[in-house]
Amino acid sequence: MLILKKKTAKIIADLIAGNFPGCTLTEDEVFGMLEYPPDAKMGDLALPCFRLSKTLHRSPMDIAKILADGIRIDEFSSVDVAGGYLNFRIDGTAFAHRVVGDVLEKGDKYGSPMNGEGKTVVLDYSSPNVAKPFHIGHLGTTVIGHSLKLLHEFAGYKCVGINYLGDWGTQFGKLIVAYKLWGDKEKVEKGGVDELVALYVRINNEIKAEEDASVAGLPEEEKAHNKKSALGDAARAEFAKLEHNDPENIELWKWFVSVSLEEYQKTYKLLGISFDSYKGESFYTDKMPAQVQKLRDMGILEIDDGASIVNLDKYNMPVCLILKRDGTTLYPTRDIAAAVYRQQTYKFDKAIYVTSAAQSLHFAQWFKVVELMGYDWFDKLVHVPYGTVSINGAKLATRTGNVILLKDLFAEAISRVYDITKEKHPDPAECQSIAEKVGVGAIIFYYLSNNRMRDINFMMEDALSFDGNTGPYAQYTYARTCSVLEKAGASYEMTDAPLAQPEFELAKVLSRFPERIEDAIEQYEPSLVTRYILDLCAAYNGFYHDCKILTCEDEKLKSSRIALTAATSRVLKTALTLICMQTPEKI
Ligand code: ARG
């Protein structure tokens, strides 16, 4: 469709230049005006002439008539004027022939905009905080981030996926104290990150209890400033020791990080995700001072109540904190140092950061600081935010331990799918493998069917349903195409057998894939791919119900229909893979 749309836009732009002296519209402008009519009865492509009316000083109806007279494109069977619209009808058979041929020829490259060659994109995503739970709030960064990586790779970019582990910070002081007091080596070895989180939760609760007790008798307004906790002090002391390379603490820290990473890997494996770099926050410890010094030398750093800050008043943002009063660095400090390192190391053309929208201000602030520092690549930094997630209405609270872990969410989905499919697949290993692909896929698909900024309330029942617009339904449709192709066996091709509406509808959806991919990359919006998959499934299933494929008596028509199935199968596989979904051939 893209090709035809572009061709149409060019011809219309030329017609405007020829028929309306003094008025020019670029091909791109016309392209932007072309629409797909919501109802196929009206046509396959339309140009509303209302907006043109202002520029061209004629009525929409007149404009439509003048343009209609001038247009000659073979693939259109008719060009009509209706109201202020110019409606184009496509010759379905010729169109399907071209589109399916294109899909089958390009194979797994079909749909790629191929505009990333020679360019590098660095993507910072997932990035959980060690010793804190890897919870459903991380689902967004993990799957949006990975899907964006796959989309960019598909477009030909060289991609570097970075897991910027939260492996540094005061939480390690707390964890060290907790471990020294209550920890048990064997328990941590066995329980992994859960055991670390339990220790972390316990010390947070006890610190809070000590603080509350320390201000028990005081009036409300005095409480905040007078809180004291011996455990809290101990945690700060242990972190300071860690920062000064105390061997025992360094040893413990390394162990905590590796135990956590091992656990995260299990979730990544289920999702089919791997990273090119795990350089976390700790890696930048020795890279911050140079950036702080640069800020100081440039006179950008101000001292405010003992802390070092960058004032961003002029840009309508609160100050960006660079150093605390005690001279320790902060989250923005590390991000600035990391960006500089990544630019030097990868010479990126784009650096994408995927985090919850709660961090939008943080990114806007330090992006601005990078600009003020004179780094000319500041405009290559992109923050991709997303909304909140809750499950069946349950809220998230990181410090109290009342959270839904990502691995538990997946385990639940997998076990439910296992129960549904075990009758059909008596071999437990096979059933488990399908349950993993379908269960995990269901969650990804459900999550990625929403615009990323939307707040989502996750409903497990809905996600796992085989009838709705779900992952299982999409995977099932893909498996259906595989089964048709397996039975068809012999070779097939598009023939000149005349095609009817369901086949044409399917070809139209197939033809839109490249546009959707371009949009998804441009808007950093994997949900456009998810919704495309649903359109394609609906078109294929409509075709499947209305048209005989394997039992079709006309051999030429049968061949075309198998070719349409093959093209659908190809595009579905590409599209599902781009949103981190597996594509089992049998369910
Ligand atoms: N570890 C952080 C968190 O879980 C996310 C890190 C995002 N990336 C970054 N470069 N700041 O909130």
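Residues numbered from 1 in each chain as written. Predicted model: local features only at pLDDT ≥ 70, side-chain atom pairs only at ≥ 80, totals over all residues. Heavy atoms only, no water.

Asker: What is the right way to look at helix H12 (residues 247-271) in this model?
Answerer: Count 3.6 residues to each turn of an α-helix, and residues three or four apart come out pointing the same way. Across its 25 residues, H12 extends 36 Å between first and last C-alpha, which sits within 8% of the 36 Å expected from 1.5 Å per residue. With its phi angle positive at about 70°, Gly272 sits one or two positions after the end of H12. (Helix = DSSP H or I, 4+ residues; strand = E, 2+ residues; numbered from the N terminus. Expected span 1.5 Å × (residues − 1).)

Asker: Quick question: what am I supposed to make of the environment of Leu148 here?
Answerer: Mapped onto the fold, Leu148 is located in helix H6 (residues 137-154). Separated by 297 residues in the primary sequence, Leu148 and Phe445 have C-alpha atoms spaced 15 Å apart. Once you skip the residues sitting within four places of it in the chain, Leu148 turns out to touch Leu123, Ile352, Val354, Val384, Tyr524, Glu525 and Pro526. (Contact = heavy atoms within 4.5 Å.)

Asker: In this structure, what is going on with the pattern of salt bridges? I would like to understand it.
Answerer: Opposite charge on two side chains lets them pair, provided their charged atoms get close. All chains considered together, the criterion is met by 33 salt bridges. Close ionic contact of Arg236 with Asp233 constitutes a salt bridge, the shortest N to O distance being 3.0 Å. One end of the pair is Arg236 and the other is Asp233, both in helix H11 (residues 230-243) and three residues apart, which spans about a single turn. According to the relative accessible area criterion, Arg236 is exposed, its value standing at 54%. Notably, a salt bridge pairs Glu371 with Lys368, separated by 3.1 Å at the nearest N-O pair. Residue Glu371 and its partner Lys368 are both found in helix H15 (residues 360-372); the two are separated by three residues, about one turn of the helix. Relative accessible area serves as the criterion here: at 32%, Glu371 is assigned to the partly exposed category. The buried category is assigned to Lys368, whose relative accessible area is 17%. Overlapping salt bridges, with partners in common, bring together Lys180, Glu238, Lys241 and Glu248 in one network. (Salt bridge = Lys/Arg side-chain N within 4 Å of Asp/Glu carboxyl O. Buried < 20%, exposed > 50% of the residue type's maximum accessible area, 1.4 Å probe, protein only.)

Asker: What exactly am I supposed to notice about the site of the ligand here?
Answerer: Surrounding the ligand, one finds Asp124, Ser127, Asn129, His138, Tyr164, Tyr331, Asp335, Tyr353, Thr355, Gln359 and Phe363. Asp124 is positioned such that a nitrogen or oxygen atom in its side chain is 2.9 Å from a nitrogen atom of the ligand. At 2.9 Å from an oxygen atom of the ligand is found a side-chain nitrogen or oxygen belonging to Gln359. Starting from 350 Å² of accessible surface for the ligand in isolation, the protein chains cover 89%. Those elements giving two or more residues to the shell around the ligand turn out to be helix H14 (331-346) and strand S9 (350-356). Broken down by class, the residue content of the shell around the ligand amounts to four nonpolar, five polar and two charged. (Near = heavy atom within 4 Å. Polar contact = N/O pair within 3.5 Å; in protein donor to acceptor, adjacent residues only side chain to side chain. Areas by Shrake-Rupley, 256 points an atom, 1.4 Å probe, with all protein chains shown as cover. Nonpolar A, V, L, I, M, F, W, Y, C, P; charged D, E, K, R; others polar.)

Asker: Where do I start with the sheet that holds strand S1 (residues 45-48) in this structure?
Answerer: Backbone-to-backbone hydrogen bonds join strands into a sheet, with any given pair of strands oriented parallel or antiparallel. One open sheet holds the three strands; their spatial order is S1-S3-S2, and the pairing between them is antiparallel. The sheet is open, and its two borders are formed by S1 and strand S2 (76-82), each paired with just one other strand. Within this sheet the neighbouring strands show an average axis-to-axis angle of 15°, counted without direction. Here S1 runs beside strand S3 (residues 85-90); their pairing, made up of four bridges, is antiparallel. Pairing of Ala46 across the sheet is with Asn87, part of S3. Across the sheet, helix H4 (residues 60-70) lies against S1, S2 and S3, angled at about 160° from S2, the strand it touches most. (Pairing = 2+ DSSP bridges. Axes fitted to C-alpha atoms, helices over the stretch in contact; angles between N-to-C directions.)

Asker: I would appreciate a short explanation of the confidence of the model for the protein in the present structure.
Answerer: Any residue range with low pLDDT should be treated as having predicted coordinates unsuitable for detailed reading. Of all residues in the protein, 98% attain a pLDDT of 70 or more, and the chain-wide mean is 93. Across residues 396-400, where pLDDT falls below 50, the model places 16 contacts with residues more than four positions away in sequence or in other chains. (pLDDT = per-residue confidence, 0-100.)

Asker: Please clarify how the pairing of strand S10 (residues 381-386) should be interpreted in this entry.
Answerer: Every regular strand shows the same layout, with side chains that alternate between the two sheet faces. Most of S10 sits inside the fold, with six of its six residues counted as buried. Because side chains alternate across S10, one face comprises the buried residues Leu381, His383 and Pro385, and the other comprises Val382, Val384 and Tyr386, equally buried. Here S9 pairs with S10 via six bridges, running parallel. Residue Ala351 lies in a different strand from S10, and its bridge partner there is Leu381. Note that the unit made of S9, H15 and S10 has a crossover that is right-handed. (Right-handed = clockwise from strand over helix to strand, strands pointing away.)

Asker: I would appreciate a short explanation of the environment of Asn469 in the present structure.
Answerer: Looking at the secondary structure, you find Asn469 in the loop between helix H18 (460-464) and helix H19 (471-488). Residue class for Asn469 comes out exposed when judged on its relative accessible area of 56%. Put simply, Asn469 and Phe445 are 24 residues apart on the chain and 9.2 Å apart in space, counted from C-alpha to C-alpha. For Asn469, the contacting residues outside a window of four places in its chain are Phe445 and Leu534.

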